[in-house]
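Summary of structural features
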Amino acid sequence: MNYKQVQINTATPEKARSRVMIIYTGGTFGMAHDASGVLVPFDFALILQHLPTLRNLYLELTVISFINPIDSSNVQPEHWQTIAKIIYENYAEHDGFVVLHGTDTMAFTASALSFMLQGLTKPVIITGAQLPISEPRSDARENLITSLEIAAARIDGKAVVPEVCIYFGDELLRGNRSKKTESMHFDAFQSENYPPLAKAGVKIEYNESAIHQPSGHEQLQFLQRLDTSISILKLFPGITRSTVEAITNSAGLKAIVLETYGSGNAPTTAWFIDLLKGAIHRGIIVLNISQCPGGMVVQGRYETSKVLQEIGVISGGDMTTEAALTKLMVLIGEYGLAETKIKIGKSIVGELTD
Ligand code: ASP
């Protein structure tokens, strides 16, 4: 991935109070009208011209922008590797990181980064906008300024939010608990199963008891190997045998995120159970994640999930599909299938309620 780097000291001539890195990847956020009126990505090195109020934050900013900013629908695991590597390599010199990203796949990126960068003691805040920064009513300005404040916030030298988060529409959410739930309004993300880590009103009110507190012995680890031999199988009434077969029998498959109903229920039809059983027998991990954004999978609560438990489907608890998918990619990539089976159902970075 090609990117360029500029240094902007918004505090000059005074001393900056924190050093924050902004990584601009693309999305609606950075669009501006060109001479002919068409929306094109703007040159992020000129951010101070678009947002002169940044000077009031007294930050030393390192701005990294992708040479070819992307719509986040084009995001691939290689982009996660690039973003995580930039953060890892620049970790010591910065107090926090803000990643500007399209909203469409932001929850996947946030989840992936949380598993790839373990042992974080500094904030990684991902944000974007529903309206380009060039629009008068854009949410880009507030989202960026508050994200920078959160990325820079420290008490007694320690980061207030040492986690990968999404800041959007005045709420700070744990990244691997977030989902995009809205494409028109400004509050685009929700975290049904975990409370917001902060709310930004007149003041930024942090929910301390919900924020991860590092032990003090953390060492940042960069888990960079990702295995994408994973599929999502979303159930619906009327799903055919050939659709399920196409997934369970696909070449090289290592894991399936099975999107079930309610508290983890699925049809008990013999052909369906046999296909899953066969896949599990061949070593494929089948992970049960509910289609409901709130609540959790409890295998065995109903007859229709007891059978899943019996054939070896693993419960994903209250994980989001985004967290489940990226966690499988990282765990299988780093540790292989046997260890992934042990680790997948347990919380690693606060992505599920143990
Ligand atoms: N399609 C855009 C993207 O995700 C939407 C956005 O930025 O909000 O990149």
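This part takes up the sheet that holds strand β20 (residues 285-290). The four strands are arranged β18-β19-β20-β21 in an open sheet whose pairing can be described as parallel. Taken across any chain shown, the strands that pair with only one partner, and hence form the sheet edges, are β18 (230-234) and β21 (314-315). Where β20 meets β21, two bridges bridge the pair, whose relative direction is parallel. Across the sheet, L287 pairs through a bridge with I314, a residue of β21.

Another aspect to go through is the packing of aromatic side chains. Following the criterion strictly, the structure yields six aromatic pairs and no others. Ring geometry for W271 versus F272: centroids 6.1 Å apart, planes at 90 degrees, classification edge-to-face. With a relative accessible area of 24%, W271 lands in the partly exposed category. When its relative accessible area of 0% is taken as the criterion, F272 is described as buried. In this structure, K122 is placed above the aromatic ring of Y91, and the distance from its NZ or CZ to the ring centre is 4.8 Å. In this structure, K343 is placed above the aromatic ring of Y335, and the distance from its NZ or CZ to the ring centre is 4.7 Å.

Around the ligand, the structure places G27, T28, D71, S72, G102, T103, D104 and A129. Note that an oxygen atom of the ligand is positioned 2.6 Å from one of the side-chain N or O atoms of S72. Here the ligand has 260 Å² of accessible area as a free molecule, and 88% of this is covered by the chains. Taken together, the residues that form the shell around the ligand break down as one nonpolar, five polar and two charged.

Attention now goes to the environment of M21. Within the element layout of this structure, M21 appears in strand β2 (residues 18-26). By relative accessible area, which is 0% here, M21 ends up buried. Separated by 74 residues in sequence, M21 and D95 have C-alpha atoms that sit 8.2 Å apart.

This part covers the side chain of R174. With respect to the helices and strands, the residue R174 is situated in strand β12 (residues 171-174). Given a relative accessible area of 6%, R174 falls into the buried group. From its side chain, R174 meets the backbone oxygen of A210 in a polar contact 3.2 Å long. Setting aside anything within four residues of it in sequence, one finds R174 in contact with E163, V164, C165, Y194, L197, A210, I211, H212, V349 and G350.

Basis of the calculations
Residues numbered from 1 in each chain as written. Predicted model: local features only at pLDDT ≥ 70, side-chain atom pairs only at ≥ 80, totals over all residues. Heavy atoms only, no water. Pairing = 2+ DSSP bridges. Helix = DSSP H or I, 4+ residues; strand = E, 2+ residues; numbered from the N terminus. Phe/Tyr/Trp six-rings, centres within 6.5 Å; stacked < 30°, edge-to-face > 60°. Buried < 20%, exposed > 50% of the residue type's maximum accessible area, 1.4 Å probe, protein only. Lys NZ or Arg CZ within 6 Å of the ring centre and 35° of its normal. Near = heavy atom within 4 Å. Polar contact = N/O pair within 3.5 Å; in protein donor to acceptor, adjacent residues only side chain to side chain. Areas by Shrake-Rupley, 256 points an atom, 1.4 Å probe, with all protein chains shown as cover. Nonpolar A, V, L, I, M, F, W, Y, C, P; charged D, E, K, R; others polar. Contact = heavy atoms within 4.5 Å.

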